[in-house]
Amino acid sequence: MRIVCYGCGKEMSQSTVEYQCSCGGLLEVVHDFANVDADKLKCEFQQRLSERTGPYASGVWRYKELIHPELPDEYIVTKYEGNTGLYRSEQIRQSLGIREIWLKAQSENPSGSFKDNGMTVAVSHGRSLGFSRFTCTSTGNTSSSLAMYAALAGSESVALVPSDQISMNKVLQTLAYGAKVIEFDGTYDDGIRFYERYGEELGWYICNSINPFRIEGQKSIVFEIAQSLRWEMPDWIVIPGGALSNVTALGKGLHDLRELGFIKRLPRIALVQAEGASPFHKLISQGEQELVPVKRPSTIASAMNIGNPPSWKKARQFLASSSGVTCSVTDEEILEAKSLIDRSGIGCEPASAATVAGLRKLLAERIIGTEESAVCILTGNLLKDTDVLRRTGINNRILSSQLSLESVKSLI
Ligand SMILES: *Cc1c(COP(=O)(O)O)cnc(C)c1O
Ligand SMILES: [Zn+2]
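It should be emphasised that the depicted structure is a prediction, and the values quoted were computed from it without experimental measurement. (Residues numbered from 1 in each chain as written. Chains lettered and ligands numbered in written order. Predicted model: local features only at pLDDT ≥ 70, side-chain atom pairs only at ≥ 80, totals over all residues. Heavy atoms only, no water.)

Asker: Residue-level account of the overall build of the protein chain, with values.
Answerer: The secondary structure content of the protein chain amounts to 16 helices and 13 strands. The C-alpha radius of gyration of the protein chain comes to 21 Å, within 12% of the 22 Å expected for a compact globule of 412 residues. Sorting the 412 residues of the protein chain into buried and exposed places 58% on the buried side. At a minimum sequence separation of 6, the contacts of the protein chain that also span at least 24 residues come to 69%. Accessible surface, the protein chain as shown: approximately 17,500 Å² in total, 48% of it carbon and sulfur. Placing the 44 positive and 47 negative side-chain charges of the protein chain at their respective mean positions leaves the two points 2 Å apart. (Helix = DSSP H or I, 4+ residues; strand = E, 2+ residues; numbered from the N terminus. Rg over C-alpha atoms; globule rule 2.2 N^0.38 Å. Buried < 20%, exposed > 50% of the residue type's maximum accessible area, 1.4 Å probe, protein only. Contact = heavy atoms within 4.5 Å. Areas by Shrake-Rupley, 256 points an atom, 1.4 Å probe, with all protein chains shown as cover. Lys, Arg positive; Asp, Glu negative; His and termini not counted. Charge placed at Lys NZ, Arg CZ, Asp CG, Glu CD.)

Asker: Could you give me a rundown of the site of ligand 1, with the residues and numbers involved?
Answerer: Neighbouring ligand 1 are 15 residues; Lys-115, Asn-141, Gly-242, Leu-244 and Ser-245 lie closest to it. Residue Asn-141 places a side-chain N or O atom 2.7 Å away from an oxygen atom belonging to ligand 1. One of the backbone nitrogen or oxygen atoms of Gly-242 is found 2.6 Å away from an oxygen atom of ligand 1. For ligand 1, whose unbound accessible area comes to 390 Å², protein coverage reaches 97%. Grouping the amino acids of the shell around ligand 1 by side-chain chemistry returns 6 nonpolar, 7 polar and 2 charged. (Near = heavy atom within 4 Å. Polar contact = N/O pair within 3.5 Å; in protein donor to acceptor, adjacent residues only side chain to side chain. Nonpolar A, V, L, I, M, F, W, Y, C, P; charged D, E, K, R; others polar.)

Asker: Which residues make up the sheet that holds strand 3 (residues 27–30), and what are the values?
Answerer: The 3 strands are arranged 2-1-3 in an open sheet whose pairing can be described as antiparallel. Two strands close off the open sheet at either side, each with one partner strand: strand 2 (11–12) and strand 3. Of the pairings in the sheet, the one linking strand 1 (residues 2–5) to strand 2 comprises 2 bridges and is antiparallel in character. Paired with Ile-3 across the strands is Met-12, a residue of strand 2. (Pairing = 2+ DSSP bridges.)

Asker: Lay out the coordination of the zinc ion (ligand 2) in plain terms, naming residues and giving numbers.
Answerer: Of the protein atoms, only Cys-5 (SG), Cys-8 (SG), Cys-21 (SG) and Cys-23 (SG) coordinate the zinc ion (ligand 2), at distances of 2.3 Å. Coordination geometry of the zinc ion (ligand 2): the 4 donor atoms subtend angles of 100 to 115° at the metal centre, consistent with an arrangement described as tetrahedral. Mapped onto the sequence, the donors of the zinc ion (ligand 2) take the spacing C-x2-C-x12-C-x1-C. Using a relative accessible area of 2% as the deciding quantity, one classes Cys-5 as buried. Relative accessible area serves as the criterion here: at 46%, Cys-8 is assigned to the partly exposed category. (Donors = N, O, S within 2.8 Å, 3.2 Å for Na, K, Ca; no water. Tetrahedral: all angles 85-135°; square planar, octahedral: opposite > 155°, others 65-115°.)

Asker: Before we move on, could you go through the packing of aromatic side chains and cite the residues and values that matter?
Answerer: Each aromatic ring pair is described using two quantities: the centre-to-centre distance and the angle formed by the ring planes. Considering all chains together, one arrives at 8 aromatic pairs under this definition. Residues Phe-194 and Tyr-195 carry aromatic rings whose centres are separated by 5.9 Å and whose planes lie at 75° to one another, so their mutual orientation is edge-to-face. Classification of Phe-194 as partly exposed rests on a relative accessible area of 34%. Between Trp-231 and Phe-262, the ring centres sit 5.1 Å apart and the planes meet at 75°, which makes this aromatic pair edge-to-face. In this pair, Trp-231 is assigned in the loop between helix 9 (220–228) and strand 10 (236–240) and Phe-262 in the loop between helix 10 (245–259) and strand 11 (268–274), connecting sequence segments 31 residues apart. Assigned by exposure class, Trp-231 and Phe-262 land together as buried. By way of ring pairs, the aromatic residues Phe-45, Tyr-63, Phe-223, Trp-231 and Phe-262 are connected into one cluster. The ring of Phe-262 is capped by Lys-42, whose NZ or CZ atom sits 5.7 Å from the centre of that ring. (Phe/Tyr/Trp six-rings, centres within 6.5 Å; stacked < 30°, edge-to-face > 60°. Lys NZ or Arg CZ within 6 Å of the ring centre and 35° of its normal.)

Asker: If you had to explain the pairing of strand 6 (residues 133–137) to someone new, which residues and values would you point to?
Answerer: Among the 5 residues in strand 6, 4 count as buried, and that is most of the element. Where strand 6 and strand 7 (residues 156–162) come together, 5 bridges link them in parallel fashion. By the bridge assignment, Thr-137 is partnered in strand 7 with Leu-160. Chirality of the crossover, the property in question, places the unit of strand 6, helix 5 (residues 141–152) and strand 7 among those that are right-handed. Two strands pair when backbone bridges link them, and strand 6 and strand 9 (residues 205–206) are joined in this way by 2 bridges, in the parallel orientation. Considered in strand 9, the bridge of Thr-135 is made with Ile-206. (Right-handed = clockwise from strand over helix to strand, strands pointing away.)

Asker: Break down the packing of helix 9 against helix 10 for me, citing the residues and quoting the values.
Answerer: Between helix 9 and helix 10, the shortest axis-to-axis distance is 7 Å and the interhelical angle comes to 50°. The orientation of helix 9 relative to helix 10 falls into the category oblique. Judged by the twist between their axes, the crossing of helix 9 over helix 10 is right-handed. Residues Ile-221, Val-222, Phe-223 and Ala-226 of helix 9 lie in contact with helix 10, whose contacting residues are Asn-246, Leu-250, Gly-253, Leu-254, Asp-256 and Leu-257. Here the contact of helix 9 with helix 10 is composed, by residue class, of 7 nonpolar, 2 polar and 1 charged. (Axes fitted to C-alpha atoms, helices over the stretch in contact; angles between N-to-C directions. Parallel < 35°, antiparallel > 145°, perpendicular 65-115°, else oblique. Left-handed = near helix turned anticlockwise from the far one by under 90°.)

Take it as geometry only, folks, not as evidence of what the structure does.
Below, the structure is given as structure tokens:
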């Protein structure tokens, strides 16, 4: 395993605490799979499915050889993250009119979002470097996840959270795990810039999406999907896009699987953004050279409310290398899809529903064919945003002052 600058190719020390090179490029973990016995490893991945304790019981560390092969087990902090359901729903399939659709419920992770897949690796790696203080900037899910792992490790965490358009549930969850939360006037992007300036001086381990070890951990999302489907991948993987960590992580994971011969063919990636926060979709669809940040991003899907995603260059490369496409959907379309997913019994937070909304749009535009198959990644849990639920999901609530057979019969 090497740590390399994505911009200029410079190799960094294994114990670097930087996440950015002096050239401005982000860092990337590069593996050497030349000596990996893929058949043997595949058998081991299969055997590890029966583990109930220890790192291999985790849906991330099960694939340790492809994620962080050299990390001694003593540093690993795990809540057996991953291991999430891959569901079929006939209601959703029929509503979209596609041959086959699966929903990968990353919402079932221990802190309620896919951020756990990457965070277990970032915090474990940070511990191996000697850190006991961790920090991030976050719209709420990253901070919840970080706070959970830091607490589990007996360490401290601090989160910078923009006060604009966040979900209170996520802030309260972060605080409940014992983290300190600094709510500030500004956007997610202001938080990122703060670390670019002061990160080193603070001396805390930074666990934002630009942390290359989070990307390594998030690759496990496609490893799990592949293993669940007996290494037969769908035609499409549909993901929501905010900070764009998943485009990079899933794209990278798919390339790993193909390089090792675990899968024959790369699925295509469809990335969906919310219309009010869609700088990456604009970049791709209008063929621009440079990303033009959205100054005041605005969407009901708080997890995607990011106007200046720092890793857009990496994301663009991984999107291209998996013949990916992008689209954007309105908040209305997101809420309509969310209602469909919630009523199917699976449930998710608004950002996750952008996947099904985007899939509907891409089917209508015939970019995705009805005879194809897709996996939508549901990134966050239904209970992550009760404000949105209160605004949209209470049609069937009946307030009756007295409970009597007559009142019940008259109302149902
Ligand atoms: C972080 C997050 C996203 C955005 O993911 P990126 O990989 O950063 O683009 C989407 N949905 C939820 C629920 C999230 O927590
Ligand atoms: Zn560089």
